[in-house]
Amino acid sequence: MYKNLKLIWSSAYSALITGLAVVAVTIYMEYSPAFKVILTNLTSHHWISKSLGSIILYFLLWFVLNKIGADNKNELQTRRALWTLFIFTILSALSIFLFFVWHYLFVG
Amino acid sequence: MEILLAKPVLIGLHLGMAILGIDAFLWLAGEYAAGAMVTRRRVIAAVLGVIGFIGSWIVGGYYYVKYYGPLVKPVIKAGLAPWAHAIAMEAKEHIFLLIVPVAITVLLAARGTEPSIRRPTMWLALLISVMGLAIGAMGFIISAAYRFGVIPAVAG
């Protein structure tokens, strides 16, 4: 048995939260030119800032979630984390796609 | 180095690495579907997948920042299908950011032998492949919109 299920559990929730952060930042940036300027000034391009920010956030959350709480997670908790990640990844991807469809059709 | 950084080579590498990622996660899903119990093969598939998507991210990102914004985007926006940028490119560049953290999670889960995590890991591997294919389709739309965007300029 692969004992360190907590690594998988913490990675799943870190990926989930990172995905939600990507959705939030993406949508907020479309409505806040000032925020876009801040992101652009950080690294010379807003997409580079979002890319680096997302991967840093993921690893940071992974580290923190792996440190806090019980030493390990059981199979049920890990399985639930993976299914939750599955559902939220679909929802995050659909949110981004539908937002840009809506934005193009109704905002321009 | 000059050849490697040429625009067509960058696009080819971006696509090639993404195909490696898509195929590797399809392979991983197939290992689970077939009930294969060889952990080493699952880990190799997942490692190749993660390497593919990270490589595609870096190469595609370089192309996007260096060439797409100044050279391609203005042509698409002035062409027959400006929505290709407004919808396909915007969605593509942001949905891609979701993939690598999920892929790393699948890599970790692929190391596990617990029966109860096999099914969600298989579906996550399939989801990564489907997202990769959808992003590839958006890339095709963007390339086509650029090609048709330059036709009037050439003809004129």
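Because the structure is predicted, anything quoted here is derived from the model rather than measured.

Rules and cut-offs
- Sequence positions are assigned chain by chain, starting from 1 and proceeding in written order.
- Chains and ligands are labelled sequentially in the order written, the chains with letters from A and the ligands with numbers from 1.
- Per-residue local features are limited, in this predicted model, to residues with pLDDT of at least 70; the limit for side-chain atom pairs, both in listing and counting, is 80 or more; totals at the level of whole chains, interfaces and linings are taken over all residues.
- Heavy atoms from the whole structure form the basis of all side-chain values; hydrogens and water molecules are not counted.
- Runs of E in the DSSP output that reach at least two residues are strands. Runs of H or I that reach at least four are helices, and both are numbered from the N terminus.
- Between the two quantities, the radius of gyration covers C-alpha atoms and the globule rule is 2.2 Å times the number of residues to the power 0.38.
- Remark: exposure states derive from per-residue accessible area (1.4 Å probe, protein chains only) relative to the maximum for the residue type, with buried under 20%, exposed over 50%, and partly exposed in between.
- The contact definition used throughout considers only heavy atoms, calling two residues in contact when any of these lie within 4.5 Å.
- Accessibility throughout is a Shrake-Rupley quantity obtained with a 1.4 Å probe, and a residue counts as covered only by protein chains that appear here.
- The way it works is a 1 Å grid over only the protein atoms, where trapped points that fit a 1.4 Å probe form a cavity and open points with protein on both sides within 12 Å along at least five of seven lines form a pocket, and then any residue with an atom within 4 Å of a point lines it.
- Grid points are joined across faces, edges and corners, and a volume is the space filled by probe spheres set on the points.
- Under the scheme applied, nonpolar residues are Ala, Val, Leu, Ile, Met, Phe, Trp, Tyr, Cys and Pro; charged residues are Asp, Glu, Lys and Arg; polar residues are all the others, including Gly.
- A score between 0 and 100, pLDDT records how confident the predictor is in each residue.
- Take a side-chain nitrogen of Lys or Arg and a carboxyl oxygen of Asp or Glu: if they are within 4 Å of each other, that pair is a salt bridge.
- In short, buried area is how much 1.4 Å probe accessible area vanishes from two parts on joining, totalled over both.
- A 3.5 Å cut-off defines polar contacts: any pair of N or O atoms within that distance qualifies, except that in protein one atom must be a possible hydrogen donor and the other a possible acceptor, and neighbouring residues in sequence count only when both atoms are side-chain atoms.
- A fitted line through C-alpha atoms serves as each axis, taken over the contacting stretch for helices, and the angle formed by two N-to-C directions is quoted from 0 to 180°.
- By definition in this entry, angles of less than 35 degrees are roughly parallel, angles greater than 145 are roughly antiparallel, angles of 65 to 115 are roughly perpendicular, and the rest are oblique.
- Take the buried Ala, Val, Leu, Ile, Met, Phe, Trp, Tyr and Cys residues and link them wherever side-chain atoms come within 4.5 Å; each set so joined is a nonpolar core.

Colleague: I would appreciate a short explanation of the overall build of chain A in the present structure.
Modeller: Within chain A one finds four helices and zero strands. For chain A, the N- to C-terminal ordering of α and β elements is α-α-α-α. The C-alpha atoms of chain A give a radius of gyration of 17 Å, which is well past the 13 Å a tight globule of 108 residues would have. For chain A, the spread of C-alpha atoms along the principal axes amounts to about 55 × 30 × 20 Å. Of all 108 residues assigned to chain A, the portion counted as buried reaches 42%. A sequence separation of at least 24 residues applies to 80% of the contacts in chain A between residues at least 6 apart. Of the accessible surface of chain A, which amounts to about 5,900 Å², a share of 73% is contributed by carbon and sulfur atoms.

Colleague: Help me understand empty space enclosed by the protein in this model?
Modeller: Over the atoms a probe the size of a water molecule is rolled, and this reveals where empty space is left. Counted according to the given criterion, the structure contains one cavity of 30 Å³ or more. Roughly 40 Å³ of volume is contained in the largest cavity. The wall of the largest cavity is formed by A15, L16, G19, F88, T89 and S92 of chain A together with L98 and V102 of chain B. Within the residue set of the lining of the largest cavity, elements represented by two or more residues are α1 (5-31) and α4 (75-107) of chain A together with α3 (83-111) of chain B. In terms of residue class, the lining of the largest cavity is built from five nonpolar, three polar and no charged.

Colleague: Sorry if this is basic, but what is going on with the confidence of the model for chain A here?
Modeller: If pLDDT is low for a region, its predicted coordinates should not be looked at in detail. Of all residues in chain A, 97% have pLDDT values of 70 or greater, and the mean over the chain is 94. Taken element by element, the predicted model of chain A shows its lowest mean pLDDT in helix α2 (residues 33-43) of chain A (95) and its highest in α4 of chain A (97).

Colleague: Would you explain the pattern of salt bridges in this entry?
Modeller: Pairing between side chains of opposite charge can happen when their charged atoms approach one another. Residue and element names in this part refer to chain B. Overall, the coordinates contain one salt bridge over all chains when judged by the stated rule. For the salt bridge of E31 with R41, the shortest nitrogen-to-oxygen distance reads 2.9 Å. Here E31 is found in helix α1 (residues 7-33), whereas its partner R41 is found in helix α2 (residues 39-78), with 10 residues between them in sequence. Judged by relative accessible area, which is 36%, R41 ranks as partly exposed.

Colleague: Is there a simple way to think about the layout of surface pockets in this case?
Modeller: The volume enclosed by the largest pocket comes to roughly 720 Å³. Mapped by element, the contributors of at least two residues to the lining of the largest pocket are α1, α2, α3 and α4 (118-155) of chain B. By residue class, the composition of the lining of the largest pocket is 21 nonpolar, eight polar and four charged. In this model, the second largest pocket occupies a volume close to 460 Å³. Taken together, 19 residues line the second largest pocket, and the ones lying closest to its centre are E30 of chain A together with K73, K77, H85 and E90 of chain B. Of the residues forming the lining of the second largest pocket, the biggest block, four residues, is contributed by α2 of chain B.

Colleague: Which parts of the structure should I look at to understand the interface of chain A and chain B?
Modeller: The accessible area lost on association of the parts is a frequent measure of interface size. On the chain B side, the residues contacting the 40 residues of chain A number 37 residues. Taken together, the two surfaces of chain A and chain B that pack against each other cover about 3,500 Å², and 79% of this comes from carbon and sulfur. Along the contact surface separating chain A from chain B lie zero salt bridges. Taken together, the links from chain A to chain B amount to six residue pairs in polar contact (both at pLDDT 80 or more). Elements with a minimum of two residues in the side of chain A that touches chain B: α1, α3 (46-67) and α4 of chain A. Among the elements that take part in the side of chain A that touches chain B, α4 of chain A stands out by supplying 16 residues, more than any other. Split by residue class, the side of chain A that touches chain B holds 25 nonpolar, 11 polar and four charged.

Colleague: Please clarify how the packing of α1 of chain A against α2 of chain A should be interpreted in this entry.
Modeller: Helix packing geometry: the angle between the two helix axes and the distance between the axes. Residue and element names in this part refer to chain A. For the pair α1 and α2, interaxial distance at closest approach is 5 Å and the crossing angle is 120 degrees. One element, α1, and the other, α2, form an angle in the oblique class. In this structure, α1 uses V25, Y28, M29 and Y31 to contact α2, whose residues at the interface are P33, F35, K36 and L39. Its residues assigned to classes, the contact of α1 with α2 shows seven nonpolar, no polar and one charged.

Colleague: Sorry if this is basic, but what is going on with the nonpolar core here?
Modeller: Where a protein is soluble and globular, its nonpolar side chains tend to be buried together. Counting residues in each nonpolar core, the largest one holds 70 residues, and the members touching the most others are F25, L28 and I95 of chain B. Of all the secondary structure elements, the ones that give two or more residues to this core are α1, α3 and α4 of chain A together with α1, α2, α3 and α4 of chain B. Discounting chain neighbours no more than four positions away, the residues touching F25 of chain B are A46, G49, V50, F53, A103, V106, A125, I128 and S129 of chain B.

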